[in-house]
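Observations on chain architecture
What follows is each chain in one-letter form.
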Amino acid sequence: MKSHIEKLRNAIEFTRVYKAYAHDKFLREAACLDFQLEHILMPIDENDGIAGRYEHDFVGFTSQVGGFSAMSSCYTYYFDEYSFTNAMVSSEKELTASEKYALEAVAAFWREEHTARKLEIAFASRYGYVPNRSYHAPGVGNSGCRVAGTNLDFDKLIRLGFDGLEKEIDENARKNGENSFYAALKMWIESLRKACARYRDQAMDMAEKARDEKAALRFSNMASALRNIMHDAPKTFLEGVQLMWIYSVSSDLMNYGRMDDYLGALYARDVDEGRITEDEGVKIILYLYKHLKEINKVHDCRIIVGGVGRKNEKAADRLAIAIMEASRLFRETVPQLTLRYYKGMDEKVFRKAMEVNAEGTTFPIIYSDETNVPAVMKVYGVPLEEARQYVPFGCGEYVLHGMSVGTPNNGISALKALELALHNGRDAYHNVDCGVKTGEITEFDTYDKLYAAVLAQLKPVIEHFAVHKYLNYTVAGENAPYLHLSLLLDDCIARGKSVFEGGVRYLNASSEMFGVISCADSLTAIKKLVYEEKRFSLTKLAQMLDNDFEGYERERRMCINAPKYGNDDDYADETATKLFSDLADLTTEAGKKTGLNHYGIVSVNNSMSAEWGNFCAASACGRKKGSPMANGNGPSTGADKCGVTALLNSMAKFDNEKHVGVINNVRFSKELFASSIDKVSTVLRAFYENGGVQTNLCVIGKDDLEKAMKNPENYQDLIVRIGGFSARFVTLSPVVQREIIERTTYGA
């Protein structure tokens, strides 16, 4: 760990470098990154087999700082003012008078100069407000800023190495003309070489001082790999993993793409030629996993294996099995290992995925190429060969590997929109007006009018957030070329343009939708009980909800017993699929108006289904005030009563050409998996081949979860799937724990 004094002094020097290159944003970023890499990359420790770890400073450059991304000011040039101020206070006696003066100037400068501040000004100048970042604030949603989830062309990095990339830059500079963009890219490569050299020297020193021959050999191999990749393309699996990681950790990347594809040939050749055994290959992967756990970015950290469109399928499958074995042994919440399923894939690969899931790892997550490849072709309007390179990242959003960006920076609650519609724009939980005036409840004499009011509450929020997304990229591009992305994204080098100034092939974004199913089930209940069966009026229903169903137990039971999504009931499922489709259309249209290539919805969950539900009034699906909303595209809590096949049938009914990612949580008992793994596999294959997008499999019994809540000390290693990420159950808040416990477990 660095001292506060060291970080404060780094802030002074980083600021000096930034100002010295103010005349050229390309060279400025390259110079700032060169300084930053010397100070954020931390030394090797005695248990490392791969070099590379970071500790960010209070001021710096990043796409998305892993350490404090919740601040929502963690992109491009960032300023962690809270930590900076605390460090100044705690270090006051150690600082000289001149350092204090310089640090005060640094703080004053970065308060206005950090890029998130510039985005706030750009948005506020248009709309007169800044999107609220708080999960607990009234309103339909929130929005922040970052550049997240980009999956770079690591295949190019592994194939060409640093020297080959420099050659490509030079060739395009001769065609397009020399400029500071190309010069800055080469400076960035040289900074990476210097980082390799520093780590090489450390590894050599540790090899000499090693406590035993095994450790000495490990550090000697590390030093050799670092030396070799400084110029040449990697020739061994260890060199390939080290090159990928030194690039990732230097760039603050948190998603690692189709790893079996770009490293499979190196792995297979090493094993076949006797340089490593399969067990030694797994050990190299585990050295990488160790670093991923240190960063511990549970909402990201995706590794993709399997799928169509890989160059050497057989070699990739061998590495995919090794990667799954590493996850089985590692048993942690990261990485988010993801398998792309397709008809005709090697049976050993799918079997391994089921066996690893059966042990309760919650990985790999399984996506269906049979569903997703054709859907991605349509939703993004891309050819087959590009659609085959889709990858989910973060909580499940799609980008095109090496070809697109698709940052999700906002969350929108469909259930809150229904609450606002029922109260003419008033947030009933917080008792404040924050929506649009869509009419008094007595004006909704038809179901269609109420439904239209819900969409009317959502439309301006969706449109404003689309603009915020576009400005997120625009402001980032105005301030920096994002050299680490531009170097490995098509078509930045060929066009001679940085990623956000016309370089990237597809400028996409996504919007996270929450509470879709809870809203849909509520609308279904209202349609049936209020408008069709006339059990009570809409005004009476609103009164019941405002009173959290107190004194209305019989009516609440009617709401609970109304048709629900998740039972293969067309009456309920049609409401869910229509709402989903309409939200998607509003979002896509809003994106077109801004200049984005595509802006699509994702129905995922990063625990906000539970957290935001905590700030929603009671709803017509029978949900009580403050209770969790349904998770992603999963059913309302306990509503799926007709078996796993009916649940999967409901999940498969959505129009997959409307979204850019959904998540489907399915929990099985250990006993069912142990006794009927072949039957479960058959059911899941049918789902993947008939419209199913993906599954998050969790193999754990409800009893174990109840026991873990009562006696957490005995269940420290129990991992559960939240939605778009996994977590140790005992670390979760009680509201999230209870939501997970109440999900249906499918048993024998």
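Summarised in this report is the structure supplied together with it. (Residues numbered from 1 in each chain as written. Predicted model: local features only at pLDDT ≥ 70, side-chain atom pairs only at ≥ 80, totals over all residues. Heavy atoms only, no water.)

The tally for this structure, following the rule as stated, stands at 36 aromatic pairs. An angle of 65° between the planes, with centres 6.3 Å apart, marks the rings of Tyr367 and Tyr398 as edge-to-face. Of the two residues, Tyr367 sits in strand E7 (residues 365-368) while Tyr398 sits in strand E9 (residues 397-400), which places them 31 residues apart along the sequence. Take Tyr367 and Tyr398: they sit in the same class, and that class is buried. What links up through ring pairs into an aromatic cluster is the set Phe14, Tyr18, Phe35, Phe61, Tyr77, Phe109, Trp110, Tyr473, Tyr482 and Phe500. Residue placement shows Lys527 over the ring face of Tyr571; its charged tip is 5.6 Å from the ring centre. (Phe/Tyr/Trp six-rings, centres within 6.5 Å; stacked < 30°, edge-to-face > 60°. Helix = DSSP H or I, 4+ residues; strand = E, 2+ residues; numbered from the N terminus. Buried < 20%, exposed > 50% of the residue type's maximum accessible area, 1.4 Å probe, protein only. Lys NZ or Arg CZ within 6 Å of the ring centre and 35° of its normal.)

So, on to the nonpolar core. Among the nonpolar cores identified, the biggest contains 254 residues, and Phe84, Phe237, Tyr247, Tyr256, Tyr482, Leu487 and Leu538 are the most heavily contacted of them. Of the residues forming this core, the biggest block, 16 residues, is contributed by helix H17 (residues 447-479). The residues contacting Phe237, other than those within four sequence positions of it, are Leu263, Leu266, Tyr267, Asp270, Ile276, Gly281, Ile284, Ile285 and Leu319. (Core = buried A, V, L, I, M, F, W, Y, C linked by side-chain atoms within 4.5 Å. Contact = heavy atoms within 4.5 Å.)

Turning our attention to the sheet that holds E7. The mixed open sheet is built from seven strands, whose spatial order is E4-E5-E6-E7-E17-E16-E20. Each end of this open sheet is capped by a strand with a single partner; those strands are strand E4 (255-258) and strand E20 (745-746). Of the pairings in the sheet, the one linking E4 to strand E5 (residues 302-306) comprises two bridges and is parallel in character. Among the inter-strand pairings, Asn255 is bridged to a residue of E5, identified as Arg302. Running over the sheet, helix H27 (residues 670-688) touches strand E6 (336-341), E7, strand E16 (665-668), strand E17 (694-699) and E20 and is turned about 175° from E17. (Pairing = 2+ DSSP bridges. Axes fitted to C-alpha atoms, helices over the stretch in contact; angles between N-to-C directions.)

Moving on: helix H24 (residues 570-594). Its 25 residues place the ends of H24 36 Å apart at the C-alpha level, agreeing with the 36 Å of an ideal helix rising 1.5 Å per residue. For H24, the side-chain oxygen to backbone nitrogen distance between the N-cap and Tyr571 is 2.9 Å, and the N-cap itself is Asp569. Gly595 occupies a position one or two residues after H24 and carries a positive phi of about 115°. (Expected span 1.5 Å × (residues − 1). Polar contact = N/O pair within 3.5 Å; in protein donor to acceptor, adjacent residues only side chain to side chain.)

Side-chain alternation along E16 places Asn665 and Arg667 on one buried face and Val666 and Phe668 on a second face that is also buried. Judged from the four bridges that link them, E16 and E17 form a sheet pairing that is parallel. Bridging across to E17, Arg667 finds its partner in Cys698. Handedness of the β-α-β unit built from E16, H27 and E17 comes out right-handed. (Right-handed = clockwise from strand over helix to strand, strands pointing away.)

The next thing to look at is the pattern of salt bridges. One pass over the structure, following the stated rule, counts 69 salt bridges. A salt bridge links Asp163 to Arg193; the nearest nitrogen and oxygen atoms lie 2.6 Å apart. Note that Asp163 is positioned in helix H6 (residues 154-176) and Arg193 in helix H7 (residues 180-208), a separation of 30 residues in sequence. Overall, Arg193 belongs to the buried group, its relative accessible area being 5%. For the salt bridge of Glu166 with Arg193, the shortest nitrogen-to-oxygen distance reads 2.8 Å. Here Glu166 is found in helix H6, whereas its partner Arg193 is found in helix H7, with 27 residues between them in sequence. When salt bridges that share partners are traced, they join Asp45, Asp48, Arg53, Lys290 and Glu294 into one network. (Salt bridge = Lys/Arg side-chain N within 4 Å of Asp/Glu carboxyl O.)

Glancing now at the side chain of Asn255. Within the secondary structure, Asn255 is located in strand E4. Within polar-contact distance, the side chain of Asn255 engages the side chain of Asp300 at 3.0 Å. A polar contact of 3.2 Å, which involves the side chain of Asn255, links it to the backbone nitrogen of Arg302. In this structure, Asn255 is in contact with Gly149, Thr150, Asn151, Phe154, Asp300, Cys301, Arg302, Phe393 and Gly394, ignoring residues within four places of it in sequence.

Attention shifts here to the environment of Ala452. Its place among the elements puts Ala452 in helix H17. Residue classification places Ala452 among the partly exposed positions, given a relative accessible area of 42%. Along the backbone, Ala452 and Asn567 are 115 residues apart, and their C-alpha atoms lie at a distance of 26 Å.

Turning to unusual backbone geometry, a few remarks are in order. Going from Val334 to Pro335, the amide bond is cis rather than trans, its omega being -5°. Tracing the chain through its elements places Pro335 in the loop between helix H12 (313-330) and E6. Cis geometry is adopted by the peptide bond preceding Asp491, which originates at Asp490 and carries an omega value of 5°. As for its position among the elements, Asp491 is in the loop between helix H18 (483-486) and helix H19 (492-495). Of note in the backbone geometry, Arg331 takes a positive phi value of approximately 50° without being a glycine. Mapped onto the secondary structure, Arg331 falls in the loop between H12 and E6.

Purely spatial values, then, with no claim about function.
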